[in-house]
Amino acid sequence: MSMFLQACVNGLLMGGFYALMGMGQNIIFGVMKIVNFCHGEMLMVGMYLTLILYTYFGVDPYLAVPLVALVMFCFGAVIQHTLITPSLGTKSFTNLLFLTVGLGLLLSNGALVIFGSEYRSIRTGYSQTYIQLGPVNMALPRLISFGVLIVVAITLFAFLKYSTLGKQIRAVSQNPVGAEVVGIDVKKIYLLTYGLGVALAGIAGALLTQFYTVFPTAGASFGLRALIVVVVGGLGSIPGAFLAGIFLGLLETMSALFISPSYSDLIVFMTFIIILVLRQTIIARRR
Amino acid sequence: MDSKKAVHIYHRNLTILLGLILLVFILVPTMVKSPYILNIFVLMFYMSTLSMAWNLLGGMTGQNSLGHAAYMGLGAYACCLLVVKTGANPWLAAIFGMVVVGLVAGIVFYPCFILRGPYFTLVSIAFGESIRQLIINSEFFGRASGVGLPFGNDSWLNFRFGSKVPYYYVGLIMVVGIYLIMKKIDRSKMGFALKTIREDEDAAAAIGINPTKYKIIAVVISAMVAGLVGFFYASYIRYIDPDLMLQVKSTESVLPAVVGGAAFVEGPLIGGLIMIPLSEYLRANFSAMLPGINMLMYAVVLLVVIRFRPTGILGWYMHSNVKKMIDEKILKKPSSEVLEEVETLEYQREEA
């Protein structure tokens, strides 16, 4: 029983990260209809940024979060402006796909060239602090991270729902031509959206550093799971992405507990394929 | 009659040019003795073939798969296991591997063809990862440590050589053969159906093309070619492991096609011809100091091509002055009106 509870909590804490990644991917996909295949690599960049801030400037990983978010936002906006917006005009899905795939290759191999393939990690004074809550044991950094990402998720939800910019983003995602007609600067919204999505990945990366190792391909599995979260949670739905992320985290730990840890990846991917095919089949039937 | 003669001369010149290029490739092993250089050529041959396999599905049909390394790996595993467990002849195992991969791809993707655009890409990734995980977790497949082919005497029957030259020629035959098949498909009714599906699936269905049928055929052929490459790879390297199916390998197999020009049958060949030697040169000379430099260069070339030449190198060449000069000076290409006129004449004669 206590193992079950522990697995539940672990799944929940990990699921939060998938949710955050999924939300970033979701707004990019929702607004521009492109899949950001370098989302995981953006998380990795966020991790290295935090690592640099910690080792060279002594910034605590949690205090680094806003800074990393800001830097990643600008980074995303620059990429959008120089690479993605010009290619959006060609309307070629293949090109946009390989643009983000190429960016992912560039970032992960760039990190490999600059930092080498060693596994690095950040261990602060409170990294090894554990909190006992009944039968469940939780590492303090995981708990703080989860708290931070809940706050980020709620802020994002409120921003999209109530602020003018958020409303503009939603308008563009529903109908870009209509949005342009009513005077929304669509290119600016694209810039903002991609920056925001990348910043979310960067935040996830910064929050991960205390209990995860930093290496050039650290983001790959998170990137894949972000895609799963988007598809399972539904397009354009922030609460959906959040729930799907938590579900994915739980599914992973539960299959590791009840079946075998080595099969958890397989089960995640198979579940994803089945859900996707079933849903699209139902949608196609309804038409 | 004059126009007919001009077209005939053009076709003859084109054949001579292509024949000369082929002759150069045939003569390479007689002049180059370095195994390192020959290895790059072999690598180029099988990567280009794999890229052509992807191109049938991605470039021609518009179904962007990112799981072709899994098909290749599956083909390699099927061949290796058959050879290791039953001692079958490798050439027989090649056919077995292709059939297995074709069947698996056809069955698995049958329900997935309802998915369009990015969803298809996502499923192909998930499918590739699933196969890899399945192999890592299975005793039968040798888990993460992989499978090695038995060593022995050199012979054509066992497709096993100490020298690289036989592999070079088999690889060359594979590239040319698959290219001819792809060219044939490109020109056939099926090729046009696939291209129609790429442009607009609903419109294709409306004019009587069955998208599911053609997509299944494309995926099965594509997977079978990838399986063939897997057989070649396994026989060449003589050892396979699940890392063969990593997501990155799938991406790597697509790059020659996208850089060369995914809309053209020749795209993967041109892309492979340029990218593989460059990548191998960087890997050999700089990877000790800067690991990952070859893939970094790959990524930069890819981004530059997509950003500035969205149709790839071949797409740029098609509209360049270089092509115009070659066409006029060397090939004596008649004007497009003349070409069309002769084509119509021939078409009418066939009809009659």
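What you are looking at is a predicted structure, and each value in this text was computed from that prediction instead of being measured. (Residues numbered from 1 in each chain as written. Chains lettered and ligands numbered in written order. Predicted model: local features only at pLDDT ≥ 70, side-chain atom pairs only at ≥ 80, totals over all residues. Heavy atoms only, no water.)

1. Things to note about the overall build of chain B
Turning to step 1, where the next piece is worked out: Within chain B one finds 15 helices and two strands.
Turning to step 2, where the next piece is worked out: Relative to the compact-globule value of 20 Å for 352 residues, chain B shows a C-alpha radius of gyration of 21 Å, a close match.
Turning to step 3, where the next piece is worked out: Split into buried and exposed, the 352 residues of chain B put 51% on the buried side.
Turning to step 4, where the next piece is worked out: Counting contacts in chain B only where the partners sit at least 6 residues apart, residues at least 24 apart contribute 76% of the total.
Turning to step 5, where the next piece is worked out: Accessible surface computed for chain B: about 16500 Å², of which carbon and sulfur atoms make up 67%. (Helix = DSSP H or I, 4+ residues; strand = E, 2+ residues; numbered from the N terminus. Rg over C-alpha atoms; globule rule 2.2 N^0.38 Å. Buried < 20%, exposed > 50% of the residue type's maximum accessible area, 1.4 Å probe, protein only. Contact = heavy atoms within 4.5 Å. Areas by Shrake-Rupley, 256 points an atom, 1.4 Å probe, with all protein chains shown as cover.)

2. A look at the environment of Tyr 10 of chain B
Residues and elements named next belong to chain B.
Turning to step 1, where the next piece is worked out: Note on placement: Tyr 10 falls in helix H1 (residues 2-31).
Turning to step 2, where the next piece is worked out: Accessibility expressed as a relative area gives 10% for Tyr 10, which makes it buried.
Turning to step 3, where the next piece is worked out: In sequence terms Tyr 10 and Asp 327 are 317 residues apart; their C-alpha atoms lie 8.9 Å from each other.

3. Regarding a nonpolar patch on the surface
Residues and elements named next belong to chain B.
Turning to step 1, where the next piece is worked out: Together, Ile 16, Leu 20, Leu 22, Leu 23, Ile 26, Leu 27 and Met 31 make up an exposed nonpolar region whose accessible area comes to about 630 Å².
Turning to step 2, where the next piece is worked out: Looking at the element boundaries, Leu 20 is found in helix H1.
Turning to step 3, where the next piece is worked out: The class of Leu 20 is partly exposed, set by a relative accessible area of 47%. (Patch = residues over 30% accessible without salt bridge, like charges linked within 9 Å, V, L, I, M, F, W, Y side chains within 5 Å. Salt bridge = Lys/Arg side-chain N within 4 Å of Asp/Glu carboxyl O.)

4. A word on the interface of chain A and chain B
Turning to step 1, where the next piece is worked out: Across the contact, 40 residues belong to chain A and 39 residues belong to chain B.
Turning to step 2, where the next piece is worked out: Overall, the association of chain A and chain B removes approximately 3600 Å² of surface from exposure, summing both partners, and the carbon and sulfur fraction of that is 80%.
Turning to step 3, where the next piece is worked out: On the chain A side of the interface with chain B, the three residues burying the most area are Phe 98, Leu 105 and Val 113 of chain A, jointly 17% of the side's total.
Turning to step 4, where the next piece is worked out: Taken together, chain A and chain B are joined by zero salt bridges.
Turning to step 5, where the next piece is worked out: At the boundary of chain A with chain B, the tally comes to three residue pairs in polar contact (both at pLDDT 80 or more).
Turning to step 6, where the next piece is worked out: At the level of elements, helix H3 (64-88), helix H4 (93-115), helix H9 (220-233) and helix H11 (264-286) of chain A are the ones that each hand at least two residues to the side of chain A that touches chain B. (Buried area = accessible area lost by both parts, 1.4 Å probe. Polar contact = N/O pair within 3.5 Å; in protein donor to acceptor, adjacent residues only side chain to side chain.)

5. Description of a negative patch on the surface
Residues and elements named next belong to chain B.
Turning to step 1, where the next piece is worked out: A surface patch of like charges, here negative, comprises Glu 337, Glu 340, Glu 343, Glu 346, Glu 350 and Glu 351.
Turning to step 2, where the next piece is worked out: Assignment of secondary structure puts Glu 351 in helix H15 (residues 336-351).
Turning to step 3, where the next piece is worked out: On the basis of relative accessibility, which here comes to 59%, the residue Glu 351 falls in the exposed class. (Lys, Arg positive; Asp, Glu negative; His and termini not counted. Charge placed at Lys NZ, Arg CZ, Asp CG, Glu CD.)

6. Here's the deal with the pattern of salt bridges
Turning to step 1, where the next piece is worked out: Across all of its chains, the model carries nine salt bridges over all chains by this definition.
Turning to step 2, where the next piece is worked out: Across the pair Arg 120 of chain A and Glu 118 of chain A runs a salt bridge whose closest N-O atoms are separated by 3.3 Å.
Turning to step 3, where the next piece is worked out: Put simply, Glu 199 of chain B and Arg 198 of chain B hold a salt bridge, and the shortest N to O gap is 3.1 Å.
Turning to step 4, where the next piece is worked out: The exposure class assigned to Glu 199 of chain B is exposed, which follows from its relative accessible area of 59%.
Turning to step 5, where the next piece is worked out: A relative accessible area of 29% means that Arg 198 of chain B is categorised as partly exposed.
Turning to step 6, where the next piece is worked out: Connected via shared salt-bridge partners are Arg 225, Glu 252 and Asp 265 of chain A.

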